[in-house]
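Working through the structure, step by step
The chain contents come next:
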Amino acid sequence: MNKTTLPLLLLCIMYTSCGYDRDSIPEQLKSNFSKHVNKIDPSIIVDSFQVLKIDTMVEKLGRIIDDSIYKRELYHVQNQLANAQKERLTDSVEFYNNEIKYMLIQIDSVTNSIRSGDTKKAFGFLVICQYQIRKNNNHHRDSIFYFFDTKMNIVNADMIDSVIYRSYRRIR
C-alpha cells in the first residue's frame, strides 16, 4: 500500500463508520468552503473546488502547524499593540503587552515540543484543495489546506478564512 492510499483509506473508513458516504467528502468540504466564502462576501461565486490530496499528519507536523498558528496570532496581537500605542490607549497597551508576554511563553513551549514530536503517531489529516472564485469578471485560483484532528474536526477555520480573504482582496 503506498503513502497516498493509506490516508485516503483511513479517511474513508472513518467517514463510513460515522455514516458518511465516501463520495460526499469533497462535497462536504466544498460546502464548508462555500460557507466560509459567504461569510466574507455572499456575492462571491465558487467556480470550482476539488480535493487534490489527502495525507495523514503525524504528531510532529501537528506541532509545527500549532506553532505556526500561534505565531500568526502573536503577529495579530502585536499589530493591535502597535495600533494601541499609536492611539495612546494606555489600558490597551498594558493589556496587549501582558498578552504578548503570555503568548511568547506558550509559543516557546510549543516550539520546543516540536523536537520531541513523534514522526509515526497519527495526529490527524491534511486535505489539500484547489479552488477558483469569481466576483464580477475577476477570477482567482488558489489552494487551501484543511487540517483535521483524529476526530475529524477542522482545526484551522481561522486560517481558512484568511486564505479566502486574501483571494477576495485580489478579485474585488
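Calculation rules
Residues numbered from 1 in each chain as written. Predicted model: local features only at pLDDT ≥ 70, side-chain atom pairs only at ≥ 80, totals over all residues. Heavy atoms only, no water. Helix = DSSP H or I, 4+ residues; strand = E, 2+ residues; numbered from the N terminus. Buried < 20%, exposed > 50% of the residue type's maximum accessible area, 1.4 Å probe, protein only. Areas by Shrake-Rupley, 256 points an atom, 1.4 Å probe, with all protein chains shown as cover. pLDDT = per-residue confidence, 0-100. Contact = heavy atoms within 4.5 Å. Pairing = 2+ DSSP bridges. Axes fitted to C-alpha atoms, helices over the stretch in contact; angles between N-to-C directions. Phe/Tyr/Trp six-rings, centres within 6.5 Å; stacked < 30°, edge-to-face > 60°. Polar contact = N/O pair within 3.5 Å; in protein donor to acceptor, adjacent residues only side chain to side chain. Salt bridge = Lys/Arg side-chain N within 4 Å of Asp/Glu carboxyl O.

**Observations concerning the overall build of the protein**
- Helices and strands together make up the secondary structure of the protein, namely 5 helices and 3 strands.
- Counting from the amino terminus, the protein carries its helices and strands in the arrangement α-α-β-α-α-β-β-α.
- Here the protein holds 172 residues, and 34% of them are scored as buried.
- For the protein, the exposed area adds up to about 10800 Å²; of that, 51% sits on carbon and sulfur atoms.

**Quick notes on the confidence of the model for the protein**
- Confidence in the prediction of the protein, expressed as mean pLDDT, is 85, and 86% of residues score 70 or more.
- Mean pLDDT across the secondary structure elements of the protein bottoms out at helix α1 (residues 5–17), with 47, and peaks at helix α4 (residues 90–114), with 93.

**A look at unusual backbone geometry**
- At R88, a position not held by glycine, the phi torsion is positive, near 60°.
- Along the chain, R88 falls in the loop between α3 (59–86) and α4.
- The backbone of N136 sits at a positive phi, close to 60°, despite the residue not being glycine.

**What about the environment of T119?**
- Mapped onto the elements, T119 comes out in the loop between α4 and β2 (122–135).
- Linking T119 and M57, residues 62 residues apart in sequence, is a C-alpha distance of 8.9 Å.
- Sequence-distant contacts of T119, that is, excluding residues within four places in its chain, are made with V58 and K60.

**Examining the sheet that holds β2**
- As summarised here, the arrangement of the 3 strands in space is β1-β2-β3, forming an open sheet in which the pairing is antiparallel. The open sheet is flanked by β1 (45–58) and β3 (138–149), the only strands paired with a single partner. When strand polarity is set aside, the average angle formed by the axes of neighbouring strands in this sheet is 15°.
- Here 12 bridges tie β1 to β2, and the two strands are oriented antiparallel to one another. Pairing of V46 across the sheet is with I133, part of β2.
- α3 rests against β1, β2 and β3 of the sheet, and its axis sits at about 130° to β1.
- In this fold helix α5 (residues 157–171) packs onto β2 and β3, with an angle of close to 175° to the strand it touches most, β3.

**Some words on the packing of aromatic side chains**
- Within this structure, the stated rule accounts for 6 aromatic pairs.
- Geometrically, the ring pair formed by F33 and F49 is tilted, given 5.0 Å between the ring centres and 35° between the ring planes. Within this pair, whereas F33 is found in helix α2 (residues 25–40), its partner F49 is found in strand β1, the two being separated by 16 residues in sequence.
- Looking at F33, the relative accessible area reads 0%, which means it is buried.

**Brief notes about the side chain of E59**
- Inspection of the secondary structure puts E59 in helix α3.
- Judged by its relative accessible area of 14%, E59 falls in the buried class.
- Here the side chain of E59 touches D118 through a polar contact of 2.8 Å, landing on its backbone nitrogen.

**Some details on the pattern of salt bridges**
- Applying the stated criterion to the full structure yields 8 salt bridges.
- We note a salt bridge from K71 to D67, for which the minimum N-O separation is 3.1 Å. Separated by 4 residues within a single helix, K71 and D67 lie in helix α3, roughly one turn from each other.
- Under the relative-accessibility criterion, K71 is labelled partly exposed at 39%.
- Through salt bridges that share partners, E59, R63 and K121 make up one connected network.

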